[in-house]
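# Close look at the chain arrangement
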Amino acid sequence: MAISQPHPPTPSPFTERGSLADAGLDVEPTTQGHARDVTALLSMILIVILYHVQDEFLREGSQIGLAFRNVALRRLLAVLLAIMGVSLIVANQRETTKDAPRWIRAVNIVAALFLIAFVISAADYVTFGASLLSTSNGAGGAILEYAALIAVVILAAPWQRRPLYRKTAVQTIPAILIVVGVLLFWELIVGAFDIKQFLLPRPSIIAGAFSNTFPKLISSGWFTFQNAIWGYLIGCGAGVLVGLVSA
């Protein structure tokens, strides 16, 4: 009677490890890698927005600065950046083991300090109206912004997820090429047949209109969001209260 030999365990895609694993770093699972990349990307977007908000020239002379003029919205963005920054720092410290080289730990600490400095600067401005980045020359603010962006990249450590990126690229590149091809065909076909803009505007025209109305869209969207949240909270609260009284 033949005895079946156990098969060797198949490596799970959720336990992929990067090239720095031998240097004392524990690489997080693939699912956490996606979340960490999204957190890093959103943090970089928030850093750019908050820099435009704080800089004296960009605050009134750029579309981003004009779009985020609401004080409550600025404070919300600063809080979100603080939360995401803390999550990146905690994830980085949890990943870096005691066996990691000293220079890696030193670079991570310096990156965390630069990110914390930018968050403090943004919180100072949205709370008290004064910030290191609000000076007229903007040189120190630009340096701190670039340092914060580099710090996010260091803390996110995307080079540890190269196998994940190769796998994702194979899955998404065909779809991206199709979308780009459709947009190019759309742009060319409208020009070739001289289709009127009110019937079918070009993608470039749509993008330009969106860029011009971006500040109004953000401002109106923020007020709509606030009304929707308050309506939801009041409606849910009233519903729970009526349910308790009825019961």
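A brief report on the enclosed structure follows. (Residues numbered from 1 in each chain as written. Predicted model: local features only at pLDDT ≥ 70, side-chain atom pairs only at ≥ 80, totals over all residues. Heavy atoms only, no water.)

## Comments concerning the packing of aromatic side chains
Evaluation of the coordinates by the stated rule reveals 3 aromatic pairs. Relative to Phe225, the ring of Trp222 lies with its centre 5.9 Å away and its plane at 25°, an arrangement referred to as stacked. On the criterion of helical spacing, the pair formed by Trp222 and Phe225 is a turn pair, its members being 3 residues apart in helix α8 (residues 203-246). Judged by its relative accessible area of 11%, Trp222 is buried. One aromatic cluster is present, built from ring pairs that chain together Phe68, Phe210 and Phe214. (Phe/Tyr/Trp six-rings, centres within 6.5 Å; stacked < 30°, edge-to-face > 60°. Helix = DSSP H or I, 4+ residues; strand = E, 2+ residues; numbered from the N terminus. Buried < 20%, exposed > 50% of the residue type's maximum accessible area, 1.4 Å probe, protein only.)

## Regarding helix α7 (residues 162-192)
An ideal rise of 1.5 Å per residue puts 45 Å on 31 residues; α7 measures up with 42 Å between its terminal C-alpha atoms. Considering bend angle alone, the principal kink of α7 is centred on Thr172 and spans about 40°; proline Pro174 follows within four residues of it. A positive phi of about 50° marks Asp194, the residue just after α7. (Expected span 1.5 Å × (residues − 1). Bend = angle between axes of the 7 residues up to and from the residue.)

## Overview of the side chain of Thr96
Take Thr96: it is sitting in the loop between α4 (71-95) and α5 (102-128). You can call Thr96 buried: its relative accessible area is 13%. Looking at Thr96, its side chain comes within polar contact range of the side chain of Asn108, at 3.3 Å. (Polar contact = N/O pair within 3.5 Å; in protein donor to acceptor, adjacent residues only side chain to side chain.)

## Looking at the packing of α4 against α5
It is at 9 Å that the axes of α4 and α5 come closest, and there the two elements cross at 165°. Viewed along their axes, α4 and α5 adopt a mutual orientation that is roughly antiparallel. You can see that α4 and α5 cross each other, and the crossing is left-handed. Residues Val71, Arg74, Arg75, Ala78, Leu81, Ala82, Gly85, Ile89, Asn92 and Gln93 of α4 lie in contact with α5, whose contacting residues are Asn108, Ala112, Leu115, Ile116, Phe118, Val119, Tyr125, Val126 and Thr127. Within the contact of α4 with α5, the residues separate by chemical class into 12 nonpolar, 5 polar and 2 charged. (Axes fitted to C-alpha atoms, helices over the stretch in contact; angles between N-to-C directions. Parallel < 35°, antiparallel > 145°, perpendicular 65-115°, else oblique. Left-handed = near helix turned anticlockwise from the far one by under 90°. Contact = heavy atoms within 4.5 Å. Nonpolar A, V, L, I, M, F, W, Y, C, P; charged D, E, K, R; others polar.)

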